[in-house]
Amino acid sequence: MNNKLDQIETLYNRVVREIENEQEVSEYLLRIYNDLIIALSEASALHFNTLFARVSFISSRYPISKAWRYILQIPRREIQQRRLPEEELLPILKASIQLLLNLCHKEFNGTLGAHPFEEPPLPNFGYKKRSGKFKKKFARAIAIEWDKEEKQLIILDEDEPDGSRILQYHAAGINDIFSETLELALGEIGLPLTLGLTDIVCNEDGHYIPGYIVLMPDMLLDVTSITQVESDGADPLAVNVIDIFLPMARSDAIVIGNVANFFLDEMIRDTEKPFVDIFKASFKVYPVEFVKMTDAHLRNIYDKMQFHFANIQEVLQNRFPALGIDRNYCVIEPSYYSPQFGIKGRLDLYYENEEEQAASIIELKSSKPFKPNSYGLSSANYHQTLLYDLLIRSSQSASFKRSNYILYSGESKETIRYAASVEAIQKETIQHRNQLVILQFRLMQLDKKDARDIFAEIDPKFYPHLKGYVKRNVENWQKIYTALSPGEQFYFKAFSSFITREHTLARIGSDQGDGSGGLAGLWLDTIDRKE
């Protein structure tokens, strides 16, 4: 490493002395800065999916002043998007590289901490901290210090990385729903921890009080999986990982649901299309499912689908116009992702009216609502629609009015039902998403010595309230897992840990100086870095 540092230092001196073109000098120095940041952060065993996380880690780990914490973020920002002219950037770049070289020499020579650390002279960086109360829609932040007693975190805001912000994460009625699970993440995942903060109010003291706190927002989780979460407090339940390992079940309900969705896709274009024609067309979409059926079984499905067809047709022809939805301008199964809330999903139907700044989400359900709430909606269906509402909210302007509906094609009355947006329930659902993130981390730790065996926690005695097919799945799991030999259990845990790490890496990537990679590169990397 010392040899590499000498090479970097030699290159730095040659660039500064021999190259006259200031733009070319900046490009070389930004690469040198990037290499030094990676070298210092790689000295730890932590995973960093963004350059911001690397710089924030260095700022928190080493004894540097708050002013330098801010200065070190300026070249990082310039790598992602050039803003400063060369005459302003170059003094900052040179001073930052000198600071990083000093840190590297002391770190890799083993003298850091043994001698006082001398910072280079501060360049003129013209920083003016925003003062007073203000509101902010969203911030990506890195938590670097934790005061558990005061329920506070010291964070670095990616847009304002001066290191002086305090996050209050236990504000009653505002964000306290996230606090206990956040503390679990801080204890198990550790610092630095990436957070997504939404609906932020900054008080007179400069403290952030966000409405939503999202753990590792770049790890997008599917809306459907979040709505299936079993929760009993802050600690995520191990039973929520069971669906990852179970084979896809085949049943009449699933076939009917798939065919009903096909009906909606076809009839949104032409509501006068005959039932027989659409049903025949569904054979081409789901041939395996239909071929397995007997004639009597198929006739039963045929009869049931006529009822669903009539309900969907009535809604499209009569209810949509009454609700102000023009089916000719509906989008079928659009996919959305939200790095703000850490979720992704595919809507059944979406309608947008730009002139009126209005949008409607329509989710089709072929089943009848199970234990309906006051809106006549199944809890899981309602939570799913509210997450879709957050997806649209994060991609549209704040002025957009959103209306959410669930179309129950198997119901004879009130086929289409309104799903009111209730923020408290949306926060509860995002809290469930945060619990899944912790479970992902626990899966990654399964191959570690003395790790918590969450597979052994999938046991009927821990879930006496479960019923139906979920209860049967837990019973079957416990029966099979406990019958495995110690060697088989060890292999299964090691394999699951490895696969989870691979999937996590595919989602959040790993910044090595040439882009973050993974799905998160879509929003973290500039066009130039992607190219």
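Structural data are supplied above this passage.
This write-up is about the structure you can find in this document.

Regarding the overall build of the protein
Thought 1: Helix and strand counts for the protein come out as 18 helices and 13 strands.
Thought 2: With the C-alpha coordinates aligned to their principal axes, the bounding extent of the protein is approximately 85 × 65 × 45 Å.
Thought 3: Out of the 531 residues in the protein, the part that is buried amounts to 50%.
Thought 4: Accessible surface for the protein amounts to roughly 25,800 Å². Of this, 50% is attributable to carbon and sulfur atoms.

What about the nonpolar core?
Thought 1: In terms of nonpolar packing, the biggest core is built from 62 residues, with L153, L182, L193, L195, L197, I343 and I430 touching the most fellow members.
Thought 2: Per-element tally for this core: the top contributor is helix α14 (residues 423-444), with six residues.
Thought 3: Among residues more than four places away in sequence, those in contact with L193 are A141, I142, A143, L182, A185, L186, L215 and M216.
Thought 4: Y62, L93, I97 and C104 belong to the second largest nonpolar core, which has 40 residues in total.

Comments concerning the packing of aromatic side chains
The relative placement of two aromatic rings is captured by the distance of their centres and the angle of their planes.
Thought 1: With the rule as written, the count across this model stands at 27 aromatic pairs.
Thought 2: For the pair W477 and Y481, a centre-to-centre distance of 6.3 Å together with 20° between the ring planes defines the contact as stacked. Linking W477 with Y481, this pair stays in helix α15 (residues 468-483), spanning four residues, or about one helical turn. Assigned by exposure class, W477 and Y481 land together as buried.
Thought 3: One aromatic cluster in this structure is built from F263, F275, F279, F283, F290, Y302 and F309.
Thought 4: Here the basic side chain of R31 rests over the ring of Y28, its NZ or CZ set 5.9 Å away from the ring centre.

Parameters at a glance
Each chain carries its own residue numbering, running from 1 in the direction its sequence is written. Given that the model is predicted, a residue must reach a pLDDT of at least 70 before its local features are reported, and side-chain atom pairs must reach 80 or more before they are shown or counted; all residues, however, enter totals for whole chains, interfaces and linings. Hydrogen atoms and water are omitted, and side-chain values are computed over all heavy atoms in the structure. Put simply, DSSP marks the helices as runs of H or I at least four residues long and the strands as runs of E at least two long, and each gets a number from the N terminus on. Residue burial is assigned from relative accessible area. The probe radius is 1.4 Å, only protein chains are included, and a residue is buried under 20% of its type maximum, exposed over 50%, and partly exposed in between. The Shrake-Rupley method, run with a 1.4 Å probe, gives the accessible areas here. Residue values count only the displayed protein chains as cover. We call a set of buried Ala, Val, Leu, Ile, Met, Phe, Trp, Tyr and Cys residues a nonpolar core when their side-chain atoms join them within 4.5 Å. Only heavy atoms matter for contacts: two residues are in contact if any of them lie within 4.5 Å across the pair. The pairing test for Phe, Tyr and Trp rings, Trp by its six-membered ring, is centres within 6.5 Å, and the orientation test on the planes gives stacked under 30 degrees, edge-to-face over 60, and tilted for anything in between. Throughout this description, the term charge over a ring refers to an Arg CZ or Lys NZ atom that lies within 6 Å of the ring centre and within 35 degrees of the ring normal.

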